[in-house]
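Listed here are the chains, written in short residue letters.
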Amino acid sequence: GDRQKVVAARAPDTDIIGFYAGSIKSCAVVLHYMGGTLYAKDVQLMDAADEVEVPNLMDAFIKQFYERASDIPAEIVCSTVPEDCEMTEQWLRSIAGHKVSVRGPGRDRKRFTNMAYINARDEAERAAVRRERQSKIADLLMKMLALEKKPNRIEAYDISNTAGGETVGAMIVFENARPKRNSYRKFKIRDLEGQNDYAAMAQMLTRRFKHLLEGDEKFSAMPDLVLIDGGVGHVHASLEAIRAMGVQCEVRGMVKDSHHRTRAIVDENGLETGISTNPAVFSFIGTIQEEVHRFAITYHRSLRDSLHSMLDEIDGIGPKRRDALLKKYKSIDAIKNADILELERLLPKSAAAAVYRFFHNEDG
């Protein structure tokens, strides 16, 4: 809008920094001016802070921000003068290779620093509202499910099968009521006869907590609550596996209605807590359940797709033979386990041999 087009009186290339200290979140906003025109804005949210800490925090922020900046302006104007202005100037000069002046608002720059400050305050307050909402959901869940502690980190698990194909497991993570996608994990369920969801779930959780106990960084965080896509049987199987590892953890199941939406949370004693009466919790649990389901299905598809594209590489396998193989074998492992006689029942000898060779040469 119009706010973006503020023309400074006599601006060298200037960055204006506004810093707001809030009781839930703090925020720094950097407005970048070129030839007197605002051309970019950076926002960084931080933890709660006290007004008296601002000069110090401003100093720390400047160092952290410009350390990896591609270009450093000739002038940096701050809504609050940084703690160690001269030292900071010298440091900036040494990495910029030119003179840099760092100063407080002054009369001529008051409008700009005010604008940056208000920007920072608005961002911090928006973040605080989000945080409050997330915190409320965790509190509600804690009360509704009679949990010992607030479920800040929730892990949800789902098993996905295709008829005769391989079984895969998915683990997703929500922290402070938001998905933490870089913590999602996938499991290929090994050595299972037929379709046995309980055993698959138990295997996935055993492996998950084994990683934790072995200090594997990717699994190092302990969940406050584990949610299983399924009923009381799934909860039992999961809890047994977790307890056998010597771990104490709250586990609940997500029970679906006929529309595939979670209608209740169930504990190991089969005690159900309906969630449909609480819109916030209902939608939150629904989101978790959809997400874990989506993640499991996508993983499954990617396994199928990779098999599809592998089969396309084999000489003597055209679309018809490929589809026959895909129909019978749902995964790369399933084809690897097939012996040559089994393949010959489906394909001519030479084609069967080509498939067998293709899948058995790759491991050396």
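What counts as what
- Residues numbered from 1 in each chain as written.
- Predicted model: local features only at pLDDT ≥ 70, side-chain atom pairs only at ≥ 80, totals over all residues.
- Heavy atoms only, no water.
- pLDDT = per-residue confidence, 0-100.
- Contact = heavy atoms within 4.5 Å.
- Pairing = 2+ DSSP bridges.
- Helix = DSSP H or I, 4+ residues; strand = E, 2+ residues; numbered from the N terminus.
- Axes fitted to C-alpha atoms, helices over the stretch in contact; angles between N-to-C directions.
- Buried < 20%, exposed > 50% of the residue type's maximum accessible area, 1.4 Å probe, protein only.
- Parallel < 35°, antiparallel > 145°, perpendicular 65-115°, else oblique.
- Expected span 1.5 Å × (residues − 1).
- Polar contact = N/O pair within 3.5 Å; in protein donor to acceptor, adjacent residues only side chain to side chain.
- Salt bridge = Lys/Arg side-chain N within 4 Å of Asp/Glu carboxyl O.
- Left-handed = near helix turned anticlockwise from the far one by under 90°.
- Nonpolar A, V, L, I, M, F, W, Y, C, P; charged D, E, K, R; others polar.
- Core = buried A, V, L, I, M, F, W, Y, C linked by side-chain atoms within 4.5 Å.

Chemist: How would you explain the confidence of the model for the chain if you had to name every residue and give the values?
Modeler: Per-chain confidence: the chain averages 87 in pLDDT, with 94% of residues scoring 70 or above. This stretch, residues 1-11, has a pLDDT under 50; its non-local contacts, to residues over four places away or in other chains, come to 21 contacts.

Chemist: Could you give an account of the sheet that holds strand β2 (residues 25-34), naming the residues involved and the relevant values?
Modeler: Pairing within the open sheet is mixed, and its five strands lie in the order β3-β2-β1-β4-β5. Here the strands that pair on one side only, and so sit at the sheet edges, are β3 (37-47) and β5 (101-103). With strand direction ignored, the average angle separating the axes of adjacent strands in the sheet is 15°. As paired elements, strand β4 (residues 75-78) and β5 share three bridges and run parallel to each other. In the sheet register, Val-77 faces β5, and the bridge partner there is Arg-103. Contacts between helix α1 (residues 54-67) and the sheet are confined to β1 (14-20), β2, β3, β4 and β5, with β1 contributing the most and set at about 135° to the helix.

Chemist: Describe the pairing of strand β9 (residues 185-188), with residues and values.
Modeler: Of the two faces of β9, the one lined by Arg-185 and Phe-187 is fully buried and the one lined by Lys-186 and Lys-188 carries no buried residue. Where strand β7 (residues 168-175) lies against β9, four bridges are found, and the strand directions are antiparallel. Residue pairing for β9: Ala-170 is matched across the bridge by Lys-186.

Chemist: Describe in detail the packing of α1 against helix α2 (residues 85-96), supporting the description with residues and values.
Modeler: Relative to each other, α1 and α2 sit at 0°, their axes nearing to 11 Å. Considered as vectors, α1 and α2 are oriented roughly parallel to each other. Together, Asp-59, Ile-62, Lys-63, Tyr-66 and Glu-67 of α1 and Thr-88, Trp-91, Leu-92 and Ile-95 of α2 make up the contact between the two elements.

Chemist: Can you explain helix α4 (residues 197-213)? Please cite residues and give values.
Modeler: Relative to the 24 Å expected for 17 residues at 1.5 Å per residue, α4 spans 24 Å between its end C-alpha atoms, a close match to the ideal helical length. Among the residues making up α4, those that are buried are Ala-200, Met-201, Ala-202, Gln-203, Met-204, Leu-205, Arg-207, Arg-208, Phe-209 and Leu-212. Residues of α4 that are buried in the fold lie against β6 (153-160), β7, β9, β10 (225-229) and α5 (232-244). Between the side-chain oxygen at the start of α4 and the backbone nitrogen of Tyr-198 there is a gap of 3.2 Å, and the oxygen is on Asn-196. Once α4 ends, the next one or two residues include Gly-215, with phi positive near 75°.

Chemist: Before we move on, could you go through the pattern of salt bridges and cite the residues and values that matter?
Modeler: Using the criterion set out here, one finds 23 salt bridges in the structure. A salt bridge links Glu-268 to Arg-243; the shortest N-O distance between them is 3.0 Å. Taken together, the positions of Glu-268 in the loop between β12 (262-266) and β13 (272-274) and Arg-243 in helix α5 put the pair 25 residues apart, joining distant regions of the chain. Here Glu-268 falls in the partly exposed class, since its relative accessible area comes to 27%. The partly exposed category is assigned to Arg-243, whose relative accessible area is 42%. Between Arg-322 and Asp-312 there is a salt bridge, with its nearest N and O atoms 3.0 Å apart. With Arg-322 in helix α7 (residues 319-328) and Asp-312 in helix α6 (residues 279-312), this residue pair connects regions lying ten residues apart in the sequence. Residue Asp-312 is classed as partly exposed on the basis of its relative accessible area, which comes to 40%. Beyond isolated ion pairs, a larger network of salt bridges with shared partners links Glu-75, Arg-103, Asp-108 and Arg-109.

Chemist: Help me get a handle on the packing of α4 against α5, residues and values and all.
Modeler: In contact at an axis separation of 8 Å, α4 and α5 are set at 35° when each is read in the N-to-C sense. The two elements α4 and α5 meet at a crossing, and its hand is right-handed. Each of Asp-197, Tyr-198, Met-201, Ala-202, Leu-205, Thr-206 and Phe-209 in α4 lies in contact with α5, whose residues at this interface are Gly-233, His-234, Ala-237, Ser-238, Ala-241 and Ile-242. Class assignment of the residues belonging to the contact of α4 with α5 gives a composition of eight nonpolar, four polar and one charged.

Chemist: I'd like a rundown of the nonpolar core, residues and numbers included.
Modeler: Counting residues in each nonpolar core, the largest one holds 24 residues, and the members touching the most others are Tyr-157 and Leu-205. Those elements that provide at least two residues to this core are β6, β7, α4, β10, α5, β11 (251-256) and β12. Considering each element in turn, this core owes the most residues, six residues, to α4.

Chemist: Describe the side chain of Thr-262, naming the residues involved and giving the relevant values.
Modeler: Inspection of the secondary structure assignment puts Thr-262 in strand β12. You can call Thr-262 buried: its relative accessible area is 1%. Only 2.3 Å separates the side chain of Thr-262 from the side chain of Gln-289, close enough to count as a polar contact. Beyond its immediate chain neighbours, meaning those up to four positions away, Thr-262 contacts Met-254, Val-255, Lys-256, Ile-275, Phe-282, Ile-285 and Gln-289.

Chemist: Help me get a handle on unusual backbone geometry, residues and values and all.
Modeler: With a phi close to 50°, Ala-146 is a non-glycine residue in the positive phi region. With respect to the secondary-structure elements, Ala-146 resides in the loop between α3 (106-144) and β6. Relative accessible area serves as the criterion here: at 60%, Ala-146 is assigned to the exposed category. You will see that Ala-177, though not glycine, has its phi angle at about 65°, which is positive. As for its placement among the helices and strands, Ala-177 is situated in the loop between β7 and β8 (178-179).

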